[in-house]
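# A closer look at the structure
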Amino acid sequence: MTLISLALLALAWQAAAWLVASPLLPGPPEVAAALVRASADFALPRNILITLGRVAASFLIAMVVGAAIGIVLGRSKALDRVFGPWLIVLLNLPALVVIILCYVWFGLTEAAAITAVAVNKIPNVAVTLREGAAALSRELDEMALVYRFGPLRTLRHVVLPQLAPFFAAAARSGLALTWKIVLVVELLGRSNGVGFELQTAFQLFDVATVLAYALAFTLVVQIIELLLLQPLERRAGRWRR
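These remarks concern the structure in this document. None of these values were measured; they are calculated from a predicted model.

Rules behind the numbers
- Residues numbered from 1 in each chain as written.
- Predicted model: local features only at pLDDT ≥ 70, side-chain atom pairs only at ≥ 80, totals over all residues.
- Heavy atoms only, no water.
- 1 Å grid on protein atoms, 1.4 Å probe; cavity = no way out; pocket = protein on both sides within 12 Å on 5 of 7 lines; lining within 4 Å.
- Points joined across faces, edges and corners; volume = space filled by probe spheres on them.
- Nonpolar A, V, L, I, M, F, W, Y, C, P; charged D, E, K, R; others polar.
- Helix = DSSP H or I, 4+ residues; strand = E, 2+ residues; numbered from the N terminus.
- Core = buried A, V, L, I, M, F, W, Y, C linked by side-chain atoms within 4.5 Å.
- Buried < 20%, exposed > 50% of the residue type's maximum accessible area, 1.4 Å probe, protein only.
- Contact = heavy atoms within 4.5 Å.
- Arc of directions from axis to C-beta.

The next thing to look at is the layout of surface pockets. Of the voids in this model, the largest pocket is the one considered here, and its volume is about 380 Å³. Surrounding the largest pocket, 20 residues form its lining, F59, A171, L228, L229 and L232 being those nearest its centre. Along the lines of polarity and charge, the residues of the lining of the largest pocket split into 18 nonpolar, no polar and 2 charged.

What follows is the structure, given as structure tokens:
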């Protein structure tokens, strides 16, 4: 059914291109030709790899820092009352503002780009893990206390297994958000990557190249979702059965 649905989408796209009859709405053949041209000198795969590297770095930082903050706030009501409002402020701060501030404060550097993306994602991860940490089983906590697990063993064998579904949910939503913000970061302040190539194509009104890069990168991210994140999500929820 998925292939049939995608085929229908391609047909509708081609029909719309015929009706409009404008270079501003190229059909699938024109986009495919642009995809081949962009791949001929390995520009497209090279820029996708560069963007994926930024996505991976900022995603990892956001998951580690956001999870630590979320677990601490979820386990301590006092800290949550003090610092919880900070998360609300960061959640509602526009991503574009964070990106601009990072570039102004740290310059047009790779570190500034990755920091901007990570800062945008950290509050989402923290909120998700905070809800998970607040819902942890008290019975299991008491069991760990009785058997004198200690903080590290309790974290490893009691807390983290219960939080696995929340980690999976944060990772799945986080990937979709992270790569979109990375493209904006690249468009505003980097000299390579998919976002930079989209900006260049926009300046030339090359819609076919814009769509070629968009489709190629979306396909790569979807493959990561199907082959990595969805299996991890199913594995994370297996303990509930």
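What follows continues from the structure just given.
Its identity is not glycine, yet A21 carries a phi of approximately 50 degrees, on the positive side. Secondary-structure assignment places A21 in the loop between α1 (2–20) and α2 (28–40). A positive phi angle, near 65 degrees, is found at F42, a position not held by glycine. Along the chain, the position of F42 falls in the loop between α2 and α3 (43–75).

All right, on to the nonpolar core then. Of all hydrophobic cores here, the largest spans 37 residues; its most connected members are V185, V194, Y213 and F217. At the level of secondary structure, the elements contributing two or more residues to this core comprise α3, α5 (95–106), α6 (110–134), α8 (150–189), α9 (194–203) and α10 (207–236). Not counting residues up to four positions away in its chain, the partners in contact with V185 are I99, Y103, A113, A116, V117 and R190.

Next up on the list: α9. Given 3.6 residues per turn, any residue in an α-helix points the same way as the ones three and four places further on. Of the residues making up α9, those classed as buried are V194, G195, L198 and A201. Within α9, the buried residues cover an arc of 120 degrees as seen down the axis, which keeps them to one side. Two residues or fewer past α9, F205 is found with a positive phi of approximately 55 degrees.

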